[in-house]
Amino acid sequence: MLVRMSTNADTPQVKRGRRAPAGAAVLREDVTEAIRAAVFEELAAVGYARMSIEGIARRAGVGKTAVYRRWRSKLHLVLDLVSAVAVQGLPAPDTGSLEGDLRLLYEVTSRALRHPVAGQIIPDLQAEAARNPEIAEAMQKALREGQQTVANGIVAAAAARGEIGEGIDQDLALDLISGPLYWRAVVVRGPKLPKGYLAGLARATAGALKAL
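Just so you know, these numbers come straight off a predicted model, no measurement behind them. (Residues numbered from 1 in each chain as written. Predicted model: local features only at pLDDT ≥ 70, side-chain atom pairs only at ≥ 80, totals over all residues. Heavy atoms only, no water.)

Digging into helix α9 (residues 197–211)
Part 1 of the reasoning: Taking 1.5 Å of rise per residue, the 15 residues of α9 would be expected to cover 21 Å, and the 21 Å separating its terminal C-alpha atoms lies within 8% of that figure.
Part 2 of the reasoning: L198, A199, L201, A202, T205, A206 and L209 are the residues of α9 that are buried. The arc that holds the buried residues of α9, viewed along the axis, is 160 degrees, so those residues lie on one side.
Part 3 of the reasoning: Where α9 is buried, its residues touch α5 (98–113) and α8 (170–188). (Helix = DSSP H or I, 4+ residues; strand = E, 2+ residues; numbered from the N terminus. Expected span 1.5 Å × (residues − 1). Buried < 20%, exposed > 50% of the residue type's maximum accessible area, 1.4 Å probe, protein only. Arc of directions from axis to C-beta. Contact = heavy atoms within 4.5 Å.)

Next up, the structure:
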């Protein structure tokens, strides 16, 4: 006869007499993904300061233990997610031209930055970073590394095609590539981008990089 056994939130129900897995084996990926999704929802709904492990667990439909077994605090949870998200989802453009690569990057980045959830979470974490050195350091490291990898790839490809010179300042190139769109979408947070804005930005940035 099947009997419900008392197990932690990650462990599926098992038959009597069958030993449940222990340690890392019970960290089910579907539970981990549910918790990650719940973190973004909770951040967007209440902000970092009011976010709680209890609230996250409730949204994810798991017990608090399931959260604590993966992250020891809400700070470490958010730092982990910031680091993971910052280096995922950005394209490695390969359109055959510098301007085309920049335009593709801007289109993808703009959609991500202007997503309603991102629009609520990013300013909140920026404000929290001003008060919390750990969050500030993690955000700076993660965001810079993610953007730097993509920017370096675009610059290297353009140099290989002879569109720009070899050995340009990579930090300056990163500022030129990433700065304007982040300023418009995250700092100014103005209305919808005007028609042709991203194409114009890609054209102007390509021209600036060629002038270095």
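Right, picking up where we left off after that structure.
Here's the deal with helix α2 (residues 53–60)
Note that an α-helix has 3.6 residues per turn; residues three or four places apart therefore point the same way.
Part 1 of the reasoning: Among all positions of α2, only I53, G55, I56, A57 and A60 are buried.
Part 2 of the reasoning: One or two residues past the end of α2 sits G61, with phi positive at roughly 75 degrees.

So, a nonpolar patch on the surface
Part 1 of the reasoning: Taken together, the side chains of W183, V187 and V188 make up a nonpolar region of the molecular surface, amounting to roughly 310 Å² of accessible area.
Part 2 of the reasoning: When you line up the elements, V187 lands in helix α8. (Patch = residues over 30% accessible without salt bridge, like charges linked within 9 Å, V, L, I, M, F, W, Y side chains within 5 Å. Areas by Shrake-Rupley, 256 points an atom, 1.4 Å probe, with all protein chains shown as cover. Salt bridge = Lys/Arg side-chain N within 4 Å of Asp/Glu carboxyl O.)

Examining the packing of α5 against helix α7 (residues 133–160)
Part 1 of the reasoning: Relative to each other, α5 and α7 sit at 165 degrees, their axes nearing to 9 Å. As judged from the angle between their axes, α5 and α7 are roughly antiparallel. Considering the relative orientation of α5 and α7, their crossing is right-handed. Counted together, L98, D101, L102 and L105 of α5 and V150, I154 and A158 of α7 form the full contact between these two elements.
Part 2 of the reasoning: Looking at the contact of α5 with α7 residue by residue, the class counts come to six nonpolar, no polar and one charged. (Axes fitted to C-alpha atoms, helices over the stretch in contact; angles between N-to-C directions. Parallel < 35°, antiparallel > 145°, perpendicular 65-115°, else oblique. Left-handed = near helix turned anticlockwise from the far one by under 90°. Nonpolar A, V, L, I, M, F, W, Y, C, P; charged D, E, K, R; others polar.)

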